[in-house]
Number of protein chains: 2
Amino acid sequence: MDWLDHVRWDRDGLVPVIAQEAATGDVLMFAWMNREALARTAELREAVYWSRSRQRLWHKGEESGHVQQVHEIRLDCDQDVVLMKVTQRGHEPGIACHTGRHSCFFERLDGDRWQAVEPVLKDPAEIYR
Amino acid sequence: MDWLDHVRWDRDGLVPVIAQEAATGDVLMFAWMNREALARTAELREAVYWSRSRQRLWHKGEESGHVQQVHEIRLDCDQDVVLMKVTQRGHEPGIACHTGRHSCFFERLDGDRWQAVEPVLKDPAEIYR
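The present account deals with the structure reproduced in this document.

The rules behind each value
Residues numbered from 1 in each chain as written. Chains lettered and ligands numbered in written order. Predicted model: local features only at pLDDT ≥ 70, side-chain atom pairs only at ≥ 80, totals over all residues. Heavy atoms only, no water. Pairing = 2+ DSSP bridges. Helix = DSSP H or I, 4+ residues; strand = E, 2+ residues; numbered from the N terminus. Axes fitted to C-alpha atoms, helices over the stretch in contact; angles between N-to-C directions. Least-squares fit on C-alpha atoms with pLDDT ≥ 70 in both. Contact = heavy atoms within 4.5 Å. Buried < 20%, exposed > 50% of the residue type's maximum accessible area, 1.4 Å probe, protein only.

Looking now at the sheet that holds strand β2 (residues 27-34) of chain A. Judged by pairing direction, the sheet is mixed, and its 6 strands sit side by side in the order β2(A)-β1(A)-β6(A)-β5(A)-β7(B)-β8(B) without closing on themselves. Every other strand in the sheet has two partners, leaving β2 of chain A together with β8 (113-116) of chain B as the edge strands with one partner each. Strand-to-strand twist of the sheet, defined as the mean angle between neighbouring strand axes without regard to direction, takes the value 35°. Pairing of strand β5 (residues 68-75) of chain A with strand β6 (residues 82-88) of chain A, which is carried by 7 bridges, proceeds in the antiparallel orientation.

Right, let's get into the relation of the copies chain B and chain A. It takes a turn of 180° to lay chain B on chain A, together with a shift of 0.0 Å along the axis; the resulting RMSD is 0.0 Å. Here the copies are linked by what is in effect a two-fold axis. Relative to the rotation axis, the C-alpha of G25 of chain B is the closest in chain B, positioned 2.6 Å from it. The overlap is high: 100% of the interface residues of chain B also sit at the interface in chain A, so the same surface is used on both sides.

In this section: the pairing of strand β3 (residues 48-51) of chain A. Residue and element names in this part refer to chain A. What you see with β3 is no split at all: V48 and W50 on one side and Y49 and S51 on the other are buried throughout. By the bridge criterion, 4 bridges tie β3 to strand β4 (residues 56-59) in an arrangement that is antiparallel. Counted as the bridge partner of Y49 is W58 from β4. Turn length for the β3-β4 hairpin, with the two strands adjacent in sequence and antiparallel, is 4 residues, and the turn residue Q55 shows positive phi of about 55°.

For the rest of this paragraph, the subject is the environment of R89 of chain A. Residue and element names in this part refer to chain A. By the element assignment, R89 lies in the loop between β6 and β7 (107-110). Here R89 falls in the partly exposed class, since its relative accessible area comes to 43%. Separated by 20 residues in the primary sequence, R89 and Q69 have C-alpha atoms spaced 7.0 Å apart. If sequence neighbours within four positions are ignored, R89 has contacts with G65, H66, V67 and Q69.

Structure, rendered in structure tokens:
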């Protein structure tokens, strides 16, 4: 059996993907892949997602240079979620978020308010130009 | 504004949730919450998910005793994914997966094959009885 057939794709043919920094364990981002994206990710050892907003393959870093090197690909017990161990390339420390932050998960719930608690490492206007 | 209105719920009124072990950084599991589940999680400081298969609230550990204590709740840059820092209670080391494993992400892609690479810490027949 093709290893891609082992994945339980959702009704849109997608699977959710968590990117975790290999060195630190930080969860950097969450995105989606279709079959072709996962196949290309495994082949390139660089993250290729499916952009739901743009409805096309999205080789992470194609504009920003912030490529994700993929060390390991895992699947969960229901075969419907992927976890990748990555190294975030292109900036030190790594910038995974389009806001210029290390991780996309920068809003923290404090009481009944969300607070941005991670610094912007690089101005997005500098990243995407 | 109610902090729950800041979350961008999907077409089913759900948000994906990643549970990460606070002490180790291990990604333990992935599940979904609706508005009520997230409200109850924040209130109880224990993970309450929405079970899509059972179509009801699911207080994690209600059968297994493997409750997840919630230390921190984060939201991503699109406000449509939640990341929680948790301590997995009820067994040492923690068991988050219904298969009796520490983490649900126990299948690793090796070449073109998925391999189960994490041990079963407790027989599920012992957990759910």
